[in-house]
Amino acid sequence: MVEALRERGVLAKVLAALLSIYLIWGSTFLAIRVAIDTMPPLLMCAARQLSAGAIMLAWARWRGEPWPRGIEWRNAALVGLLLPGVGNASVTLGETHVASGLVALLLATIPLWMALLAGVGPRAVRPGPAVLAGLLVGFGGTALLIAPGIAGAGGAAVSPLWALLPVGGALSWAWGSLWSRRARLPGSPVVSTGFGLVVAGATLAVLAAPAGEWARFEPARVSTASLVALGYLSIFGSVVGFSAYLYLLRTISPAMVSTYAFVNPVVAMALGALFAAEAPTPRMLLAAAMVIASL
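Keep in mind the model is a prediction, meaning the values are calculated, not measured.

Calculation rules
- Residues numbered from 1 in each chain as written.
- Predicted model: local features only at pLDDT ≥ 70, side-chain atom pairs only at ≥ 80, totals over all residues.
- Heavy atoms only, no water.
- Helix = DSSP H or I, 4+ residues; strand = E, 2+ residues; numbered from the N terminus.
- Rg over C-alpha atoms; globule rule 2.2 N^0.38 Å.
- Buried < 20%, exposed > 50% of the residue type's maximum accessible area, 1.4 Å probe, protein only.
- Contact = heavy atoms within 4.5 Å.
- Salt bridge = Lys/Arg side-chain N within 4 Å of Asp/Glu carboxyl O.

1. A short note on the overall build of the chain
Then step 1. Counting its regular elements, the chain contains 14 helices and zero strands.
Then step 2. Expected size for 295 residues packed as a compact globule is a radius of gyration near 19 Å; at 19 Å, the chain falls within 12% of this value.
Then step 3. Referenced to the eigenvectors of the C-alpha coordinate spread, the extents of the chain come out at roughly 55 × 50 × 35 Å.
Then step 4. When the 295 residues of the chain are sorted by exposure, 51% land in the buried category.
Then step 5. For the chain, the proportion of contacts with a sequence separation of at least 24, taken over those separated by at least 6, is 87%.

Have a look at this one:
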């Protein structure tokens, strides 16, 4: 694969994109924790997606990128809802109760969901014995993470239902990623990502109303640290990260793209331990070993 990429002149771009989603996305779990410290989770997530999407669409317009046509609008919107919409919202809501490093581990199940979903449907690729064994070990580690007694954001045990949110987000992300590879999307990845982010952000802003977040939101109480974290999530986590991710999905295999799942939990757990007093428990380390080994 490396030689093929070198011949196409895209090896440097692929390596840069991989490094982006390895390190930047690994750090976003801590950034989310800081951002929602003084901001409601859905509104924070909506502000992140809307600002990032607006930046990307403005950039694309300035560069004269081709605008979507016909069904491309709908497909870009659906990818936005499945990935940054459901995916990021579930992580953000999960982190209101669950430690950021643990949420990162639950998101590491995305490749497991991809392998499982790839074996369903008319174009199914049936998993072999080794893949099935990996799936069993990986989901066993996931079950260990979400079983009763998991550590919450403040160290106390919380309901496993909160841990199920990131697991649902991982499933949505995996499905959306696989579907986006065969869907007819806008020719410009910048336009496609930007429009998807705007749709996701607008949807979350609407959903924040029945959740009561608009009523209890007090802008004057938002801290400088939360605003800085929001800016980081918008520019780096969304603009840079999603652009790199969708570029990789169009350029290399899903298996290679999903290798970020090895790195993100390590980065997230290290940052959580250093800056958020989220020391991993023996149970988390055992589950992490099972999930990463299964990948």
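2. So, the environment of V120
Then step 1. Tracing the backbone through its elements, the reader meets V120 in the loop between α6 (110-118) and α7 (129-146).
Then step 2. Judged by relative accessible area, V120 falls into the exposed class, the value being 60%.
Then step 3. For the pair V120 and E72, spaced 48 residues apart in sequence, the C-alpha to C-alpha distance is 25 Å.

3. Let's talk about the pattern of salt bridges
Then step 1. Within the structure shown, the criterion is met by four salt bridges.
Then step 2. The residue R63 makes a salt bridge to E65 at a minimum N-O spacing of 3.2 Å.
Then step 3. Between R216 and E213 there is a salt bridge; the shortest N-O distance is 3.9 Å. A residue pair is termed a helical-turn pair when its members lie 3 or 4 positions apart in one helix, as R216 and E213 do in helix α10 (residues 213-216) at three residues.

4. As for α6
Then step 1. Three or more residues of α6 are buried, namely I110, P111, L112, W113 and M114.
Then step 2. At its buried positions, α6 is contacted by α5 (100-107), α7, α8 (160-182), α11 (224-251), α13 (260-275) and α14 (282-294).

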